[in-house]
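Each chain, written out:
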Amino acid sequence: MTWYPVADLADFAERPVLAREAGGIALALYRLDGAVHATQGLCTHAGVALAGGEVVEGYIECPAHYGLFEIATGRAQGGPVCRDLATYPVRVEGTAIWVEVAPQSS
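Throughout what follows, the structure given in this document is the object of discussion. Note that the structure is predicted; figures quoted are calculated from it, not measured.

Turning our attention to the sheet that holds strand S5 (residues 54-56). Ordered by their spatial adjacency, 3 strands build an open sheet running S5-S6-S7, and the pairing between neighbours is antiparallel. Edge positions in the sheet fall to S5 and strand S7 (68-70), since each has one partner strand and no second. Across the sheet, the mean angle from the axis of one strand to that of its neighbour is 30°, orientation sign disregarded. Judged from the 3 bridges that link them, S5 and strand S6 (residues 59-61) form a sheet pairing that is antiparallel. Paired with Val-56 across the two strands is Tyr-59, which belongs to S6.

Take the pairing of strand S10 (residues 96-101) next. By the bridge criterion, 6 bridges tie strand S1 (residues 2-8) to S10 in an arrangement that is antiparallel. The residue of S10 that forms the bridge with Ala-7 is Ile-97. Both strand S9 (residues 90-93) and S10 contribute to a ladder of 4 bridges, which runs antiparallel. Residue pairing in the sheet places Glu-93 in a bridge with Ala-96 of S10. Connecting S9 to the next strand, S10, in antiparallel fashion are 2 residues, including Gly-94 with a positive phi near 65°.

The nonpolar side chains of soluble globular proteins are, as a tendency, buried together. If you look at the biggest cluster of nonpolar residues, it comprises 15 residues, and the most contacted ones within it are Val-6, Leu-27, Leu-29, Tyr-88, Ile-97, Val-99 and Val-101. Ignoring sequence-local partners within four residues, the contact set of Leu-27 consists of Val-6, Leu-18, Ala-19, Arg-20, Ala-22, Thr-39, Gln-40, Gly-41, Tyr-88, Val-99 and Val-101.

Disulfide: a covalent bond formed between the sulfur atoms of two cysteine residues. Summed over all chains, the structure comprises 0 disulfides. Looking at the unpaired Cys-62, the closest cysteine sulfur is the one in Cys-43, lying at 3.7 Å. Judged by relative accessible area, Cys-62 falls into the buried class, the value being 1%. The thiol of Cys-82 is unpaired, and the distance to the nearest cysteine sulfur, on Cys-43, comes to 9.5 Å. Residue Cys-82 is classed as exposed on the basis of its relative accessible area of 70%.

The subject of this paragraph is the pattern of salt bridges. Taken as a whole and assessed by the stated rule, the structure comprises 2 salt bridges. Arg-20 serves as the salt-bridge partner of Asp-11, at 3.1 Å between the closest nitrogen and oxygen. Relative accessible area serves as the criterion here: at 32%, Asp-11 is assigned to the partly exposed category. The exposure class assigned to Arg-20 is partly exposed, which follows from its relative accessible area of 28%.

About the thresholds
Residues numbered from 1 in each chain as written. Predicted model: local features only at pLDDT ≥ 70, side-chain atom pairs only at ≥ 80, totals over all residues. Heavy atoms only, no water. Pairing = 2+ DSSP bridges. Helix = DSSP H or I, 4+ residues; strand = E, 2+ residues; numbered from the N terminus. Axes fitted to C-alpha atoms, helices over the stretch in contact; angles between N-to-C directions. Core = buried A, V, L, I, M, F, W, Y, C linked by side-chain atoms within 4.5 Å. Buried < 20%, exposed > 50% of the residue type's maximum accessible area, 1.4 Å probe, protein only. Contact = heavy atoms within 4.5 Å. Disulfide = S-S within 2.5 Å. Salt bridge = Lys/Arg side-chain N within 4 Å of Asp/Glu carboxyl O.

On their own, these measurements won't tell you what the molecule is for.
Here's what the structure looks like:
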C-alpha cells in the first residue's frame, strides 16, 4: 500500500465530490461534515464516474441509474446497485489530502 497526494481541501470549494487518480486507480473524493472520504471512482453497476453524481445526505447518487452508495462505508443502498464500492484510507496534512491504495501493476 502506498500513500498518494491527490487533492487539496480548497479543491472542494465548488463541489463536494472530486474525481482523482492514484496508483492507476480511479477515485472519488468526498467532503462531508468536515471529513474527507475516498471510494473507487466508478459505479459498480455501470462503470460510470461517480464524481458526476450528486451527494445526498451522506450518499453518492450514481448519475447513470440513480443507485445510491453510502459514502463513509461504500455500501450499496438498493437497486440497481448491488455491489459495494471499495473504500480507501484518507489523511489530511495541512490542506493536502492523501489516499492510501495498492498500486495497480501494469
